[in-house]
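Report on the structure
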Amino acid sequence: MTYIGRFAPSPTGLLHFGSLLAATASYLQARSQQGQWLLRIEDLDKPREPVGAADAIIQTLGLYGFEWDQTIVYQSQRIAAYTESLNSLKPFIYGCNCSRKQLQTRANQGDFGLIYPRICRDKYLALTPLTAIRIKTLDQSICFHDQIQGFYCQNLERELGDFVIRRADQIFAYQLAVVVDDAWQGITEIVRGSDLLDNTPRQIYLQQLLGYSTPSYAHIPIAINALGQKLSKQTLAPALTTQANKPLKHLVKALEFLGQNPANANSFSNLKEFWDWAIANWDLNKIPKQLAYDPLITT
């Protein structure tokens, strides 16, 4: 079976070093197996998308030497597919009109946020544009073996509760959209940051309900700043520069972070040399199993 991997950034801002780690790891895992690497822009949340962000992401990836296969997929153009999957899930979904205040008052705090206490499960609310849509969870463990982090289990009902798959503002939730698109694109393995490790049981559960196969997973450590915060747009992570002398420096730092022990950036005369070396020497087993650490990178 042909290996198919992907990188799926959300265009809520410019790419930063944390984004580069996920892109690099997924790219090298695919290319080292002579597989395909797809680029998907997860642009469902249009109100949070700065003008030109998606184009800037694509341009930056190109300047760093990434080459993707097939046409770029935009989630904003896939609404019909998510609607169809929602119809397939009708026996397992229900409407919810709980306010944030209600949830804060009645829900218990769990390791992954508030545990939804089934307030609306038996109300049989009509699925109107004013209601969120939740999926019923079961009191059973969803387990999988992660290629980096090892065995991982989660009981969705006890640890999370019924979760939202379409918001009250009609925007489809990440959990549903990513499952539908990964199945449609034939993704065989998902390499991404460990901040999404606890999302995986939800996605496997939806895959099971929709009759999809489950890809393999590999969750790399995420980069954090000096305050212990994940590098992200929200924590003001600096954007990747596109200056001529910076891509190689950042790519070498990314490989170091991923445990690959590359040569000094100065030993590569161009991006092709770097990528040829990185693909030939890529070893997923060298990636640290810790969930996060400070990359000590300067821009």
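Relevant structure appears above.
Below is a short write-up of the structure.

Parameters and conventions
- Residues numbered from 1 in each chain as written.
- Predicted model: local features only at pLDDT ≥ 70, side-chain atom pairs only at ≥ 80, totals over all residues.
- Heavy atoms only, no water.
- Helix = DSSP H or I, 4+ residues; strand = E, 2+ residues; numbered from the N terminus.
- Buried < 20%, exposed > 50% of the residue type's maximum accessible area, 1.4 Å probe, protein only.
- Contact = heavy atoms within 4.5 Å.
- Areas by Shrake-Rupley, 256 points an atom, 1.4 Å probe, with all protein chains shown as cover.
- Lys, Arg positive; Asp, Glu negative; His and termini not counted.
- Charge placed at Lys NZ, Arg CZ, Asp CG, Glu CD.
- Pairing = 2+ DSSP bridges.
- Axes fitted to C-alpha atoms, helices over the stretch in contact; angles between N-to-C directions.
- Polar contact = N/O pair within 3.5 Å; in protein donor to acceptor, adjacent residues only side chain to side chain.
- Core = buried A, V, L, I, M, F, W, Y, C linked by side-chain atoms within 4.5 Å.
- Salt bridge = Lys/Arg side-chain N within 4 Å of Asp/Glu carboxyl O.
- Disulfide = S-S within 2.5 Å.
- Phe/Tyr/Trp six-rings, centres within 6.5 Å; stacked < 30°, edge-to-face > 60°.

Moving on, we get to the overall build of the chain. Looking only at helices and strands, the chain has nine helices and 14 strands in total. Considered along the principal axes of its C-alpha atoms, the chain spans approximately 65 × 40 × 35 Å. Residues counted as buried form 54% of the 299 residues belonging to the chain. Across the chain, every contact between residues at least 6 apart in sequence was considered, and the portion connecting residues at least 24 apart equals 76%. Within the structure as shown, the chain displays about 14,100 Å² of accessible surface, and the carbon and sulfur contribution to it stands at 51%. Averaging the positions of the 28 positive and the 26 negative side-chain charges in the chain gives two centres separated by 6 Å.

This paragraph deals with the sheet that holds strand S10 (residues 163-166). Strand order in the open sheet formed by three strands is S4-S7-S10, and the pairing between neighbours is antiparallel. Every other strand in the sheet has two partners, leaving strand S4 (93-96) and S10 as the edge strands with one partner each. The sheet shows a mean angle of 45° between the axes of neighbouring strands, taken without regard to direction. Here S4 runs beside strand S7 (residues 132-135); their pairing, made up of four bridges, is antiparallel. Residue pairing for S7: tyrosine 94 is matched across the bridge by arginine 134.

Taken together, the three strands give an open sheet; going across it, the order is S1-S2-S3, and neighbouring strands pair in parallel fashion. Where the open sheet ends on each side, the last strands, each with one partner, are strand S1 (4-7) and strand S3 (73-74). Pairing of strand S2 (residues 36-41) with S3, which is carried by two bridges, proceeds in the parallel orientation. Bridging across to S3, arginine 40 finds its partner in valine 73. Each of S1, S2 and S3 touches helix H2 (residues 53-63); the most contacted strand, S2, lies at about 155° to it. Sitting on the sheet, helix H6 (residues 174-184) is in contact with S1, S2 and S3, with an inclination near 145° to S2.

Relative to the helices and strands, serine 26 resides in helix H1 (residues 17-31). In terms of polar contacts, serine 26 uses its side chain to reach the backbone carbonyl oxygen of alanine 22, at 2.9 Å.

So, on to the nonpolar core. Taken as a class, soluble globular proteins show a tendency for nonpolar side chains to be buried jointly. Phe66 and Phe274 are the most contacted members of the largest nonpolar core, which totals 44 residues. Secondary structure elements with two or more residues in this core: H1, S2, H2, strand S12 (216-220), helix H8 (247-257) and helix H9 (271-281). Looking at this core element by element, the count peaks at nine residues for H1. The residues contacting phenylalanine 274, other than those within four sequence positions of it, are Leu248, Leu251, Val252, Leu255 and Phe268. Counting 32 residues, the second-largest nonpolar core is a separate cluster that includes Leu86, Leu89, Leu160 and Leu206.

Another aspect to go through is H8. With respect to burial, H8 is a largely interior element, eight of its eleven residues being buried. Lining the buried residues of H8 we find H1, H2, strand S13 (222-223), H9 and strand S14 (292-293). Glycine 259 lies just past H8 and shows a positive phi near 75°.

When the charged atoms of two side chains with opposite charge come close together, those side chains can pair. Applying the stated criterion to the full structure yields 15 salt bridges. Among the salt bridges present, the one from arginine 31 reaches aspartate 69, with a minimum N-O distance of 2.9 Å. A residue pair is termed long-range when its members are at least 10 positions apart, and arginine 31 in helix H1 and aspartate 69 in the loop between H2 and S3 qualify at 38 residues. Owing to a relative accessible area of 17%, arginine 31 belongs among the buried residues under this scheme. Under the relative-accessibility criterion, aspartate 69 is labelled partly exposed at 25%.

What the rule picks out here adds up to one disulfide. In this model cysteine 143 forms its disulfide with cysteine 153; the gap between the sulfur atoms is 1.9 Å. Negative torsions about the S-S bond denote left-handed disulfides, and the value of about 110° found for cysteine 143 with cysteine 153 makes this one right-handed. A residue pair is termed long-range when its members are at least 10 positions apart, and cysteine 143 in strand S8 (residues 141-146) and cysteine 153 in strand S9 (residues 150-155) qualify at ten residues.

What follows is about the environment of leucine 197. Relative to the helices and strands, leucine 197 resides in the loop between strand S11 (189-193) and helix H7 (200-210). For leucine 197, a relative accessible area of 8% corresponds to the buried category. Here the alpha-carbon distance between leucine 197 and tyrosine 152, two residues 45 residues apart in the chain, equals 8.6 Å. In this structure, leucine 197 is in contact with Phe144, Asp146, Gln149, Tyr152, His219 and Leu291, ignoring residues within four places of it in sequence.

For the coordinates displayed, the defined rule picks out 13 aromatic pairs. Ring centres of phenylalanine 17 and phenylalanine 257 lie 6.2 Å apart, and the angle between their planes is 80°; on these two criteria the pair is classed as edge-to-face. One end of the pair, phenylalanine 17, is in helix H1; the other, phenylalanine 257, is in helix H8, with 240 residues separating them in the sequence. For phenylalanine 257, a relative accessible area of 4% gives the class buried. Ring geometry for tyrosine 27 and phenylalanine 66: centres 5.2 Å apart, planes at 80°, overall edge-to-face.

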